[in-house]
Amino acid sequence: MRIICRELQNAWQVLALEFEFESRQTAEQVQRLMPSEEKTLSLAFDITVAESRGTLNLVFPAVVSNALLRKLAAGWVRAKLRARPDSEKRLRDHLMACPFHRDLGMKIPGVRLRELMALSPGMLLVLKYPVEQPAALRVSGREMFVAAVARRGWLRAAQVLKRCRLDPERKSTP
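What counts, and where the lines are drawn
Residues numbered from 1 in each chain as written. Predicted model: local features only at pLDDT ≥ 70, side-chain atom pairs only at ≥ 80, totals over all residues. Heavy atoms only, no water. Helix = DSSP H or I, 4+ residues; strand = E, 2+ residues; numbered from the N terminus. Salt bridge = Lys/Arg side-chain N within 4 Å of Asp/Glu carboxyl O. Buried < 20%, exposed > 50% of the residue type's maximum accessible area, 1.4 Å probe, protein only. Pairing = 2+ DSSP bridges. Axes fitted to C-alpha atoms, helices over the stretch in contact; angles between N-to-C directions. 1 Å grid on protein atoms, 1.4 Å probe; cavity = no way out; pocket = protein on both sides within 12 Å on 5 of 7 lines; lining within 4 Å. Points joined across faces, edges and corners; volume = space filled by probe spheres on them. Nonpolar A, V, L, I, M, F, W, Y, C, P; charged D, E, K, R; others polar. Core = buried A, V, L, I, M, F, W, Y, C linked by side-chain atoms within 4.5 Å.

(A) Up close: unusual backbone geometry. Here Ala 50, not a glycine, exhibits a phi torsion of approximately 55°, which is positive. Positioned with a positive phi, Ser 140 is a non-glycine residue whose angle comes to about 50°. Inspection of the secondary structure puts Ser 140 in the loop between strand 4 (135–139) and strand 5 (142–152).

(B) Fine view of the pattern of salt bridges. Scanning the model with the defined rule gives 5 salt bridges in all. Arg 138 is paired through a salt bridge with Asp 103; the nearest N and O atoms lie 2.8 Å apart. With Arg 138 in strand 4 and Asp 103 in strand 3 (residues 102–105), this pair connects stretches of sequence that are 35 residues apart. Like Arg 138, the residue Asp 103 is buried in the burial classification.

(C) Focus on the sheet that holds strand 3. Judged by pairing direction, the sheet is antiparallel, and its 4 strands sit side by side in the order 3-4-5-6 without closing on themselves. Looking at strand neighbours, the two that pair on one side only are strand 3 and strand 6 (155–163), the edges of this open sheet. Across the sheet, the mean angle from the axis of one strand to that of its neighbour is 40°, orientation sign disregarded. Note: strand 4 against strand 5, 5 bridges, orientation antiparallel. In the strand pairing of strand 5, Leu 137 is matched with Phe 145.

(D) Quick look at the layout of surface pockets. Looking at the largest pocket, its volume works out to about 1,200 Å³. What lines the largest pocket is a set of 28 residues, and nearest its centre among them are Phe 21, Ser 23, Gln 25, Asn 57 and Leu 58. Elements with a contribution of two residues or more to the lining of the largest pocket: helix 1 (2–11), helix 2 (27–33), strand 1 (40–49) and strand 2 (52–61). The greatest single-element share of the lining of the largest pocket, amounting to 10 residues, is contributed by strand 2. Tallied by class, the residues present in the lining of the largest pocket amount to 17 nonpolar, 6 polar and 5 charged. Approximately 250 Å³ is the volume found for the second largest pocket. Around the second largest pocket, the lining residues are Leu 104, Gly 105, Met 106, Leu 127, Tyr 129, Pro 130, Val 131, Gln 133, Ala 135 and Val 149. Of the residues belonging to the lining of the second largest pocket, the class tally is 8 nonpolar, 2 polar and no charged.

(E) View of the nonpolar core. Judged by nonpolar contacts, Cys 5, Leu 8, Trp 12, Phe 19, Leu 56, Leu 58, Phe 60, Val 64 and Leu 68 together constitute the single largest core of 9 residues. Contributions of two or more residues to this core are made by helix 1, strand 2 and helix 3 (62–81). When residues of this core are assigned to their parent elements, the largest contribution, 3 residues, is made by strand 2.

(F) View of the pairing of strand 2. Pairing analysis gives 10 bridges linking strand 1 to strand 2, with the strands arranged antiparallel. Along strand 2, the bridge assignment pairs Asp 46 with Thr 55. Linking strand 1 to strand 2, which pair antiparallel, is a turn of 2 residues; within it Ala 50 sits at a positive phi near 55°.

None of this, on its own, says anything about what the molecule does.
See the structure below:
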């Protein structure tokens, strides 16, 4: 128990708490230490040493756990600020190299199933849309740009006409 108390004190030194083992407490004795209506943080650890097994229960008043959370949160902010100065640039460079699924398409209302079923290689499906009608350039399922179908030499291309307003809630259907 002295080892456990020492380790707890080292781990929670940020709160300047002192852990000292006096004796094992019964449930009735614990109720006298802290009223049952008081909010608490309860930690239970299963411990196995050689052939012996047991559970170590630690109960802290909410005041202590809230203070610990505040200290940890403050430490997290400091640790975040101490990150490498180039970490944001490195993250951006990694993201810029990531591949994303993209497609260029348009919603085509009014095509009958009969017309689709009659298609075969080499046939044309007339869409009743003017050639100038722009398409949606989607990246990972989200409409990002309005684009026109184009070509560059022997390659198909998309000529970006304008950027779409990004709405995080709206996801385009492919």
